[in-house]
Amino acid sequence: MSRPVPKPGILDIAPYTPGKSGAGLHGRVFKLSANETALGPSPKAVAAYKAAADHLADYPEGSTRLLREAIGRAFGLDPARIICGAGSDELLTYLANVYLGPGDEAIHTTHGFLVYPIATSANGATNVIAAEKNLTADVDAILKAVTPRTKLVWIANPNNPTGTYVPFDEIKRLRAGLPPHVLLVLDAAYADFVSRNDYEAGIELVATTENTVMTRTFSKIHGLAAARVGWMYAPANVVDAINRIRGPFNVSTPASAAAIASLEDTAHYRTAQQHTEQWRAWLTEEVGKLGLEVTPSVANFILIHFPQSAGKTAADADAFLTERGLILRALKNYKLPNALRLTVGLEEANRLVVAALAEFMERK
Ligand SMILES: *Cc1c(COP(=O)(O)O)cnc(C)c1O
């Protein structure tokens, strides 16, 4: 060997490709491709981030204690059962690093978040894909996919990029049907946007089992994606294991200061919830009126399905919208080549997208 060779499996991983962030030919660009909040972060979070710039020479407090305590207060949780990460992606990676190795299997669903197969493969474990029903995770299919090698189940609830969710009764049935040594990962990145009586992010299940974790993020409703902060609520045994491999200073001081301030700005949070709910409903209805199918979403984005006829495909629509500075997410690598994902934006962007789609559908 004349040069270092990655472990088996690494070079089979397709790198994660983020949504396009801009390609406007004329003037303004509306980035509606990454599920970022339309309203931006709380001004208090921005102020806290800037104030932390006076202390950049100091290492962060290694256990992110102040943020864990703030999350504990906000959600009524024991801070000792919380771990913070540089985005929830980091925590998902840690879970795979701790629980998966060669010969193990991890299950995700057909249109599961792409970070899951990457984290699984990076540890030499095998991805097992459970079929969905109506673009929704199917508990029976997941349970059927379990083998003696299964170690972990990844499930985003609500799921990205489909926007669908699994009711809490079904999540509990999933947990009850999985062997106790299988870790169930509930990725609740979009929990803040759900207003359904039969939904729960998973706190109760984490509190009452030794094999379920819930991850959350400050990247979506809190508008702090650039700061990279996520957190996980987990049983003590999982917290202990993760803390043994966690980077000792994995969350930066400005990022955790911003997250704490954001948690305290409940008015901003509620405004973002209301904005999302209102415009998600509007977009679903208006896009539907154009004759395009929209998957009902409980998150801050919608999934739009396009015909396969020449000139009217998702790829055609993507090109048409991009030319007008409207950037949506193409989903070929999510096995949804006939769909585009649209993040709920500000009123102006939402109206521009609907107008452009109307023009797209009418053109010859
Ligand atoms: C956006 C998103 C996350 C959050 O990622 P961060 O690393 O916290 O920014 C996690 N899971 C899913 C399914 C997401 O779409």
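Described below are features of the structure shown in this document. (Residues numbered from 1 in each chain as written. Predicted model: local features only at pLDDT ≥ 70, side-chain atom pairs only at ≥ 80, totals over all residues. Heavy atoms only, no water.)

### As for the packing of helix 2 (residues 65-75) against helix 9 (residues 253-264)
At a closest axis distance of 9 Å, the pairing of helix 2 and helix 9 adopts a crossing angle of 15°. The orientation of helix 2 with respect to helix 9, classified from their angle, is roughly parallel. Our pair here, helix 2 against helix 9, has a crossing hand that is left-handed. Mapping the contact onto sequence places L66, L67, A70, I71, R73, A74 and F75 in helix 2 and S256, A259, I260, L263 and E264 in helix 9. Looking at the contact of helix 2 with helix 9, its residues break down into 9 nonpolar, 1 polar and 2 charged. (Axes fitted to C-alpha atoms, helices over the stretch in contact; angles between N-to-C directions. Helix = DSSP H or I, 4+ residues; strand = E, 2+ residues; numbered from the N terminus. Parallel < 35°, antiparallel > 145°, perpendicular 65-115°, else oblique. Left-handed = near helix turned anticlockwise from the far one by under 90°. Contact = heavy atoms within 4.5 Å. Nonpolar A, V, L, I, M, F, W, Y, C, P; charged D, E, K, R; others polar.)

### A word on the pairing of strand 9 (residues 212-217)
Along strand 9, 6 of the 6 residues are buried, which leaves the element largely enclosed by surrounding structure. Residues T212, M214 and R216 point to one face of strand 9 and V213, T215 and T217 to the other, with burial holding for every one of them. Note: strand 8 (residues 183-187) against strand 9, 4 bridges, orientation parallel. Note on strand 9: the bridge partner recorded for L186 is M214. Viewed along the sheet, the connection from strand 8 through helix 7 (residues 203-208) into strand 9 turns out right-handed. Bridge count for strand 9 against strand 10 (residues 230-233) is 4 bridges, and the pairing is antiparallel. Across the sheet, residue R216 finds its bridge partner in strand 10, namely W231. (Buried < 20%, exposed > 50% of the residue type's maximum accessible area, 1.4 Å probe, protein only. Pairing = 2+ DSSP bridges. Right-handed = clockwise from strand over helix to strand, strands pointing away.)

### A few points about the pairing of strand 12 (residues 301-305)
Successive side chains on a regular strand alternate, one facing one side of the sheet and the next facing the other. Across the 5 residues that make up strand 12, a large majority, 5, are buried. Residue alternation in strand 12 divides its side chains into two sets, F301, L303 and H305 and I302 and I304, and both sets are buried. Note: strand 11 (residues 293-295) against strand 12, 3 bridges, orientation antiparallel. In the strand pairing of strand 12, V294 is matched with I304. Between strand 11 and the antiparallel strand that follows it, strand 12, lie 5 residues. Of the strand pairs in this sheet, strand 12 and strand 15 (residues 339-343) are connected by 5 bridges, and their pairing is antiparallel.

### Comments concerning the pattern of salt bridges
Any two side chains of opposite charge can pair if their charged atoms end up close together. Scanning the entire structure with this criterion turns up 14 salt bridges. Of the charged contacts in the structure, one is a salt bridge between E69 and R65, with a shortest N-O distance of 3.4 Å. One end of the pair, E69, and the other, R65, are both in helix 2, 4 residues apart, so they sit about a helical turn from each other. As a salt-bridge pair, E359 and R324 come within 3.6 Å of each other at their nearest N and O atoms. (Salt bridge = Lys/Arg side-chain N within 4 Å of Asp/Glu carboxyl O.)

### A few points about the site of the ligand
Every residue lining the ligand is accounted for by G87, S88, D89, F113, N160, D187, A189, Y190, T217, S219, K220 and R228. Take D89: an N or O atom from its main chain is 3.0 Å from an oxygen atom of the ligand. Taking K220, its side chain carries an N or O atom lying 3.3 Å from an oxygen atom of the ligand. The residue makeup of the shell around the ligand, split by class, is 3 nonpolar, 5 polar and 4 charged. (Near = heavy atom within 4 Å. Polar contact = N/O pair within 3.5 Å; in protein donor to acceptor, adjacent residues only side chain to side chain.)

### So, the sheet that holds strand 3 (residues 105-109)
In space, the 7 strands of this open sheet follow the order 2-10-9-8-7-3-4, with mixed pairing throughout. Among the strands making up the open sheet, the edge pair consists of strand 2 (82-85) and strand 4 (126-130). Neighbour-to-neighbour, the strand axes of this sheet turn through a mean angle of 20°, independent of strand direction. One ladder, built from 4 bridges, connects strand 2 with strand 10; its direction is antiparallel. Looking across to strand 10, one finds that C84 is bridged to W231.

### Focus on the environment of L32
Positionally, L32 belongs in the loop between strand 1 (30-31) and helix 1 (43-51). When residues no more than four places from it in sequence are discounted, the contact partners of L32 are I327, L328, R329, R341, L342, T343, G345, A349 and V353.

### Observations regarding the environment of A74
With respect to the element layout, A74 can be found in helix 2. The exposure class assigned to A74 is partly exposed, which follows from its relative accessible area of 47%.

### Details of helix 10 (residues 266-289)
Spanning 24 residues, helix 10 covers 35 Å between terminal C-alpha atoms, matching the ideal 34 Å at 1.5 Å per step. Of the residues making up helix 10, those classed as buried are H268, A272, H275, T276, W279, R280, L283, E286 and V287. Of the surrounding elements, those touching the buried residues of helix 10 are helix 1, strand 11, strand 12, strand 15 and helix 12 (347-362). In the segment just after helix 10, G291 is the residue with positive phi, at about 90°. (Expected span 1.5 Å × (residues − 1).)

### As for helix 9
Note: α-helices contain 3.6 residues per turn, so residues at a spacing of three or four share the same orientation. The first and last C-alpha atoms of helix 9 sit 17 Å apart over 12 residues, in line with the 16 Å expected at 1.5 Å per residue. The buried fraction of helix 9 is high, at 9 of 12 residues. Those residues of helix 9 that are buried lie in contact with helix 1, helix 2 and helix 10.

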